[in-house]
Amino acid sequence: MKTITNKTAAAGVPARRMISRRQSEKWRNAFSYLLLGLGSLIILVPFAWMISTSLKLKTDVYIFPPKWIPSPIQWHNYKDALTTFPFPLYTLNSAIIVVFVLLGTLLSCSFSAYGFSRLNAPGRNLIFIVLLSTMMLPGAVTMVPLYLFFNSLGWIDTFLPLIVPAWFGSAFFIFMMRQFYMGIPFELEDSARIDGCSAYGIWLRIMVPLSKPVLVTVAVFTFMGTWNDFMGPLIYLTDENKRTLALGLSYFQGSARSSPDLHLLMAATLYAITPCVVLYFLSQKVFVKGMVFTGVKG
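Residues numbered from 1 in each chain as written. Predicted model: local features only at pLDDT ≥ 70, side-chain atom pairs only at ≥ 80, totals over all residues. Heavy atoms only, no water.

(A) Spotlight on the overall build of the chain. Counting secondary structure elements, the chain contains 14 helices and zero strands. Secondary structure elements in the chain, listed N-terminal to C-terminal, are α-α-α-α-α-α-α-α-α-α-α-α-α-α. The proportion of buried residues among the 298 residues of the chain is 34%. If you take every contact in the chain between residues at least 6 apart in sequence, the share linking residues at least 24 apart comes to 75%. For the chain, the accessible surface area stands at approximately 18,400 Å², while carbon and sulfur atoms represent 71% of it. (Helix = DSSP H or I, 4+ residues; strand = E, 2+ residues; numbered from the N terminus. Buried < 20%, exposed > 50% of the residue type's maximum accessible area, 1.4 Å probe, protein only. Contact = heavy atoms within 4.5 Å. Areas by Shrake-Rupley, 256 points an atom, 1.4 Å probe, with all protein chains shown as cover.)

Right, dumping it as structure tokens:
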């Protein structure tokens, strides 16, 4: 009888340990979700305040304590903000620049990354190290030489200085795509070569279709960086009709300081960031997958 009791007690110990581990894991998960929820709430408070302010009367903006729910809701603030400055024209200018920058970045970076990851050329690793070293060079160092160079070409006050550099690749994006390409099995490439496919065909027919996650990741980063770019248009664009949305929003902010129309400024800001928010939500799953895959080799 004692032997049976001892065996039963011994068998119950692992079960109790399993239950305690599950309970501790549940508590850890609950604590993690609580921290994530609090962090998300803190991040969303300024965004919620911006939406609330964009729908308020001018006299209700500076009320303390603030009214989070505007009454009455002023939907015409968006129309007033977008007609004060020619924001539709600024949006069109930004869209033109973004489209060409996206095309140039995806083509040049994916093709360069394919060469660095799959082609055995003399000095390949040395060239790649030199390419990565350019990431350590601050943009302020090259600002004046680039301006003088584009000025000598007669490109000032055109979109060319904002578009053409994207067609020569980006060190960071080339590095990301190279890491992704290194994880694609070489057997696929060997099979394509046996079938008579050239290096260009392998890149176009195999690498590009398989690299959808990293391409979407690069596209999201490029879109957000180009759409929100302020310094480039400020330096190279002088004509008011060629201003981008970020540059026009800055001029609108300057006019709002002289006449405190903060509600209109928040409406224009919300209009400017909407494409970035929509793009991120549409490509969130593929974007996260691409970020994970680029950090895994083999």
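(B) The nonpolar core, seen in detail. Among the nonpolar cores identified, the biggest contains 21 residues, and Y114, M177, Y181, I202 and M207 are the most heavily contacted of them. When contributions to this core are tallied by element, the ones reaching two or more residues are α3 (87-118), α7 (171-181), α9 (199-210) and α10 (212-227). Top contributing element to this core by residue count: α7, with six residues. Non-local contacts of I202, meaning those with residues more than four positions away in its chain, are made with Y114, E189, A192, R193, C197 and M207. With 19 residues, the next largest nonpolar core counts V98, L249, L265 and C276 among its residues. (Core = buried A, V, L, I, M, F, W, Y, C linked by side-chain atoms within 4.5 Å.)

(C) Spatial organisation of the environment of A246. With respect to the helices and strands, A246 occurs in helix α12 (residues 245-258). For A246, a relative accessible area of 17% puts it in the buried group. Sequence spacing of A246 and M231 is 15 residues, and the spatial spacing of their C-alpha atoms is 9.4 Å. When residues no more than four places from it in sequence are discounted, the contact partners of A246 are W227, N228, D229 and F230.

(D) Broad picture of the packing of α9 against α10. The interhelical angle for the contact between α9 and α10, taken along N-to-C directions, is 70 degrees, at an axis separation of 5 Å. What the angle tells us is that α9 and α10 run roughly perpendicular. Together, V208, P209 and L210 of α9 and K212, P213 and L215 of α10 make up the contact between the two elements. The class makeup of the residues in the contact of α9 with α10 is five nonpolar, no polar and one charged. (Axes fitted to C-alpha atoms, helices over the stretch in contact; angles between N-to-C directions. Parallel < 35°, antiparallel > 145°, perpendicular 65-115°, else oblique. Nonpolar A, V, L, I, M, F, W, Y, C, P; charged D, E, K, R; others polar.)

(E) Molecular detail of the pattern of salt bridges. Counted under the stated rule, the structure contains two salt bridges. In this structure, E189 and R118 form a salt bridge, with 3.0 Å as the shortest nitrogen-oxygen distance. Highlighted residues: E189 in helix α8 (residues 186-194) and R118 in helix α3, separated in sequence by 71 residues. On the basis of relative accessibility, which here comes to 6%, the residue R118 falls in the buried class. The closest approach of N and O atoms between E189 and R193, which form a salt bridge, is 3.1 Å. Linking E189 with R193, this pair stays in helix α8, spanning four residues, or about one helical turn. Members of the salt-bridge network, linked through shared partners, are R118, E189 and R193. (Salt bridge = Lys/Arg side-chain N within 4 Å of Asp/Glu carboxyl O.)

(F) Inspection of the packing of aromatic side chains at higher detail. Taken as a whole and assessed by the stated rule, the structure comprises 16 aromatic pairs. Judged by centre distance (6.5 Å) and plane angle (25 degrees), the ring pair of F128 and F175 falls under stacked. Placement of F128 in helix α4 (residues 124-133) and of F175 in helix α7 is noted, with a sequence separation of 47 residues between them. Since its relative accessible area comes to 32%, F175 is described here as partly exposed. Arranged with centres 5.7 Å apart and planes meeting at 20 degrees, the rings of F150 and W155 form a pair that is stacked. (Phe/Tyr/Trp six-rings, centres within 6.5 Å; stacked < 30°, edge-to-face > 60°.)

(G) Structural context of the confidence of the model for the chain. In the predicted model, the chain carries a mean pLDDT of 82, and 87% of its residues have values of at least 70. Within the chain, the lowest mean pLDDT, 62, falls on helix α14 (residues 284-293), and the highest, 94, falls on helix α6 (residues 160-163). (pLDDT = per-residue confidence, 0-100.)

(H) Just unusual backbone geometry, in detail. Located in the positive-phi region is D157, a residue other than glycine, with phi close to 70 degrees. Here D157 shows up in the loop between α5 (139-153) and α6.

(I) Broad picture of a nonpolar patch on the surface. A contiguous nonpolar surface patch, about 780 Å² in accessible area, is contributed by L92, I96, V99, F100, L103, L107, W167 and F168. Position of V99 relative to the elements: it lies in helix α3. In this structure V99 comes out as partly exposed when scored by relative accessible area, which is 45%. (Patch = residues over 30% accessible without salt bridge, like charges linked within 9 Å, V, L, I, M, F, W, Y side chains within 5 Å.)

(J) Highlighting the packing of α3 against α10. Between α3 and α10, the least distance of the axes is 9 Å, while the angle of their chain directions is 145 degrees. For the element pair α3 and α10, the recorded crossing hand is right-handed. Across from T91, S94, A95, I97, V98, V101, L102, T105, L106 and S110 in α3, the residues of α10 making contact are L215, V218, A219, T222, F223, T226 and W227. Split into classes, the residues belonging to the contact of α3 with α10 amount to eleven nonpolar, six polar and no charged. (Left-handed = near helix turned anticlockwise from the far one by under 90°.)

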